[in-house]
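# Chains, contacts and geometry: an overview
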Amino acid sequence: MVDRRIHICYLLFLTACADKNTGIVFPETATLSVAHVYNTDVYMRYPYRIRTAGSSVYVMDLHATEYYIHRLSGETDGKYIASYGMRGQGPMELLDAENIRTDSENRLWTLDANRRKLVVWDSCGQVEINLSPQLIRPLDFALLDDSTFILPDYTGEHRICLVNRNGDIIKKLFSIPDKRRLHTSHTSLAQAWRSFIDYNQKTGILAVVTQLGQVIEIYNLKEERPIASINVGNGAPQFSEKQNYAIPEGIMGYSDVYVSDSTIYALFWGHSFKELYSGKVNHEGGNRLQVFDAEGNPLKEYILDRYITGFCIDKTNDKLIALDVNSDQPIVGYNFLTK
């Protein structure tokens, strides 16, 4: 299966173009400028995911040289606290990290796709969960609760898998919303529709956003039913198939998503592969934060003054914390009303 990191070679060329038609009409648009910069002295090659937990901020470095995850103070000084997930091939080391999560007890989780492991740091230290070999190289995860995990199904047969604390698949749900699945190999379809996910444990809402297109799928996992698939007609991944591989031909779409109690935030890039191949773009990330309600209705689009790769929302202080990989000080904060 083609690695999600097919996008990394393209990311070296990326920038956003804010005047393009995204295929989704937002009734309101607003611009946001950076309110503060976190002056951390931690070196990161490619800061990619960020989460808050209590008074701390965790940042994941996708191309780490030593440690994949760093814990920093949530204050604007970004003071270094600790590092987790040493890169290496030895025991208790990681070959990669795909995402980071924190649970109800503020424990840190990550996914090592190359070793097919979920990893958590708790009072006992580092604990690993070996995932079922039936899972084809999982590239993202979310916590359904503290004992069950949500992973995209990269066999192409279903949309997601639910996995228990033993790493076993306990249920498979839904399907990719693409009619081509009837005459396209499951492997190619899964590659083209690889997506990022987020889940709200309180509401039971799962959001799935396409990386190589502009589709947002919304599911109610408490009732195990689909709610909406947004922009499937215009935003479905465009690709050709060659020897069971999907060759992307459309756009780089979403790179991160967050589900609040009432809304869904998705980071959109919108670069066509023609632009990427031509070298016309020279920044990495997207600058459009799109907001939808829990039914999938577009609410608002924020145009940021930075191009970012990932974000989180600090609900306590009502601000957006984002990662600008183009800057020497990549952690930036925006003030905005989330209500």
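Going by the structure above, here's the rest.
Described below are features of the structure shown in this document. Each chain has its residues counted from 1, following the order in which its sequence is written. Under the rules for a predicted model, residues below a pLDDT of 70 receive no local features and side-chain atom pairs below 80 are neither given nor counted, while totals for whole chains, interfaces and linings still include all residues. For the side-chain quantities, the full set of heavy atoms in the structure was used; hydrogens and water were omitted.

### Overview of the overall build of the protein
Under the convention used in this document: Starting at the N terminus, helices and strands are each numbered in turn, a helix being any DSSP run of H or I of at least four residues and a strand any DSSP run of E of at least two. In this description the radius of gyration comes from C-alpha coordinates, and the expected globular size is given by 2.2 Å times residues to the power 0.38. Between buried and exposed lies partly exposed: a residue is buried under 20% and exposed over 50% of the maximum accessible area for its type, with that area taken using a 1.4 Å probe on protein chains only.
In terms of regular secondary structure, the protein is built from four helices and 27 strands. A compact globule built from 339 residues would reach a C-alpha radius of gyration of about 20 Å, and the protein, at 19 Å, matches this within 12%. In terms of overall dimensions, the protein has C-alpha extents of about 50 × 45 × 40 Å along its principal axes. Counting every position in the protein, which comprises 339 residues, the buried fraction comes to 60%.

### Quick look at the sheet that holds strand β25 (residues 310-314)
Condition: Criterion used throughout: strands pair if DSSP finds at least two bridges between them.
Taken in spatial order, the four strands line up as β2-β27-β26-β25 in an open sheet, and their pairing is antiparallel. At either margin of the open sheet sits one strand with a lone partner, and together these are β2 (36-37) and β25. The pairing of β25 with strand β26 (residues 319-323) spans five bridges and is classified as antiparallel. Bridge pairing links aspartate 314 to lysine 319 in β26.

### Re the layout of surface pockets
Our working definition: The way it works is a 1 Å grid over only the protein atoms, where trapped points that fit a 1.4 Å probe form a cavity and open points with protein on both sides within 12 Å along at least five of seven lines form a pocket, and then any residue with an atom within 4 Å of a point lines it. Grid points are joined across faces, edges and corners, and a volume is the space filled by probe spheres set on the points. When residues are grouped by polarity, Ala, Val, Leu, Ile, Met, Phe, Trp, Tyr, Cys and Pro land in nonpolar, Asp, Glu, Lys and Arg in charged, and all others, Gly among them, in polar.
Here the largest pocket is characterised by a volume of approximately 910 Å³. Taken together, the elements giving at least two residues each to the lining of the largest pocket come down to β3 (47-53), β4 (56-61), β7 (100-102), β11 (142-145), β15 (195-200), β21 (251-259), β25 and β26. Each residue belonging to the lining of the largest pocket can be placed in one class, and the counts come to ten nonpolar, twelve polar and ten charged.

### A closer look at the packing of aromatic side chains
Note the threshold: The criterion for an aromatic pair is that two Phe, Tyr or Trp rings (for Trp, the six-membered ring) have centres within 6.5 Å, with stacked assigned to planes under 30 degrees apart, edge-to-face to planes over 60 apart and tilted to the rest. Think of it as a cone above the ring: NZ of Lys or CZ of Arg counts as a charge over the ring if it is within 6 Å of the ring centre and within 35 degrees of the ring normal.
The full count for this structure, using the stated rule, is eight aromatic pairs. Ring plane angle 65° and centroid distance 5.5 Å describe the contact between tyrosine 84 and tryptophan 121, whose orientation is recorded as edge-to-face. Of this pair, tyrosine 84 sits in strand β6 (residues 80-86) while tryptophan 121 sits in strand β9 (residues 117-122), placing them 37 residues apart in sequence. Take tyrosine 84: its relative accessible area is 17%, and that puts it in the buried class. We classify tryptophan 121 as buried; its relative accessible area is 12%. Here the aromatic residues Tyr58, Tyr84 and Trp121 are joined through ring pairs into a cluster of three or more. Above the plane of the ring of tyrosine 48 lies arginine 49, whose end atom (NZ or CZ) is 4.2 Å from the centre. Cation over ring: arginine 101 sits above phenylalanine 141, and NZ or CZ is 6.0 Å from the ring centre.

### A few points about the pairing of strand β19 (residues 239-242)
When β19 meets strand β20 (residues 245-248), the two strands line up antiparallel, connected through four bridges. Pairing of serine 240 across the sheet is with isoleucine 247, part of β20.

### Some details on unusual backbone geometry
Residues other than glycine seldom take positive phi values, yet asparagine 106 does so here, at roughly 60°. Tracing the sequence through the fold places asparagine 106 in the loop between β7 and β8 (108-112). Although it is not a glycine, arginine 116 adopts a positive phi angle of roughly 50°. Within the secondary structure layout, arginine 116 lies in the loop between β8 and β9.

### Overview of empty space enclosed by the protein
The tally for this structure, following the rule as stated, stands at two cavities of 30 Å³ or more. As a volume, the second largest cavity reaches approximately 30 Å³. If you trace the second largest cavity, you find it lined by Gln191, Ala192, Arg194, Leu212, Pro237, Gln238, Phe239, Ala246 and Pro248. Among the elements of the structure, α2 (186-192) and β20 are those that each provide at least two residues to the lining of the second largest cavity. For the lining of the second largest cavity, the class distribution of residues is six nonpolar, two polar and one charged.

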